Amino acid sequence: MTFASNGAVPVLYATWAYQKGGKQLESFGMDYDEMYQKMYDAYHEAANQNEALIADVGKRFYEEADKQYIFAEDGCHPNELGSKLAAQVIADVILADQATKTEVVIEPKAEDNDTRLRILYLYQMLLTQTDEDHTLSTKQITDRMMEQHHILVHRTTVPKDIDLLRAAGFEIIGERKRAWEYYLADRKFSVPELKLLIDAVQSSKFITEKKSESLIEKLISLTSETNADKLKRSVHITGRVKSENEKGYYIVDAINDAINTGVKISFYYSELNGKKKEVLRNDGKPYTVSPFDLIWDGDYYYLTGYCDEREAVRTYRVDRIKKQPELLTEKAVKKPKGYDVSKYTTEVFRMFSTDEAVDVTLLCDNCCMNAVVDKFGMKIKTRSVGEEQFRITVKVCAGPTFYRWVFGAGGKIVIESPIETRNEYREMLQKALNQL
């Protein structure tokens, strides 16, 4: 028996990180922010999976810890003020939930109960057990209704119930063979479409392995059990390079909220050093950004926005954002005149860099056309140079990512201008040669 079956709504009491600088926190081998974020993520994921409310006392403690003394001497438990704060958070959550509900109790009539359940069970049976290649006959439906739900259905009742579902808008196909057989035709996704979506989830480095498995299970549930088994046999996740950032979903959600409400966000941005340890950019201080767009490119999510610290539009890889961004009350800066996310994606984003975009002219062998189109799209303007080459001018961030792409052509793509970009590329190649 679950809480929900009794009409109850579970409330998770999300506790707090230990007092900053305390001995108990040190014994855990993590800093205050890290412990807070791990607890925040765990509680919110548990609440999401169990459809529970969450009394986020931990978040309130995190916000108030620097403003007032709320811990007992052991640095773990709350003092009297902290206890009152926790109680207030719990009360606010329960009261807010109750305020949104108007309790309506409908007593089912005994004579109607089986009829209503029968229709629901029939739809569920057609949804999970039938498709174009797998039908159910009238007898199979009546037999399974008894076996699975202990409801006696006469064979003449099945067509009437089918017609009722059709009247509700469900496309149920009936085929006359030895007897009438039925299947549900109006699937939101075909099997090939689901396979494409599953492959996209599998191949995405941004989505963690744990979250990939959860999403794939949900996608598989959108088809019949027989097709679900086929899809499961083609799923292979283990061993793929995937993100370790389990906070990705919450980060994207927070950024999306900021874009929709038009406010700035503040976040810490990290990179890995030579020992695979995360280190914070911007001298360990948070960036303040007016978010413009979330863009999926290649394997990752990126955020574009105006950075207050850099006083320019910048791009950030979402999985490198350290923890869930803080939504500020300050209004976001408007997109600059001429900002075009599709143009920005083509010209700057694919050559991901913090450098400013410049016009670069390239001389390319004809065999490089596929690589150029893959990178810049079919609309790129090309000019033939003799029989074997063509020339293009593109706007890119002329940084290491761009130079690696040029080098990968094995000398078949030449940077013609500007001279500063040619020289920078030459210096990068020379440094590499000096290491040999």
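Residues numbered from 1 in each chain as written. Predicted model: local features only at pLDDT ≥ 70, side-chain atom pairs only at ≥ 80, totals over all residues. Heavy atoms only, no water.

Draft legend 1. Fine view of the sheet that holds strand β4 (residues 172-176). An order of β3-β5-β4 is seen for the three strands of this open sheet, with the pairing classed as antiparallel. The sheet is open, and its two edges are formed by β3 (136-137) and β4, each paired on a single side. By the bridge criterion, two bridges tie β3 to strand β5 (residues 180-184) in an arrangement that is antiparallel. Note that in β5 the partner of Leu136 across the bridge is Tyr182. (Pairing = 2+ DSSP bridges. Helix = DSSP H or I, 4+ residues; strand = E, 2+ residues; numbered from the N terminus.)

Draft legend 2. Highlighting the packing of aromatic side chains. Under the counting rule described, the total for this entry stands at 19 aromatic pairs. Ring geometry for Tyr36 and Tyr62: centres 3.9 Å apart, planes at 10°, overall stacked. Taken together, the residues span a long stretch of sequence, with Tyr36 in helix α2 (residues 32-49) and Tyr62 in helix α3 (residues 57-64) at a distance of 26 residues. Judged by its relative accessible area of 10%, Tyr36 is buried. Arranged with centres 5.3 Å apart and planes meeting at 65°, the rings of Phe292 and Tyr339 form a pair that is edge-to-face. Of this pair, Phe292 sits in strand β9 (residues 287-297) while Tyr339 sits in the loop between β12 (326-331) and α12 (341-347); the two residues are 47 residues apart in sequence, bridging distant segments of the chain. For Phe292, a relative accessible area of 3% translates into the label buried. Residue class for Tyr339 comes out buried when judged on its relative accessible area of 17%. An aromatic cluster of three or more residues is present, and its members are Phe376, Phe402, Tyr403, Trp405 and Tyr425. (Phe/Tyr/Trp six-rings, centres within 6.5 Å; stacked < 30°, edge-to-face > 60°. Buried < 20%, exposed > 50% of the residue type's maximum accessible area, 1.4 Å probe, protein only.)

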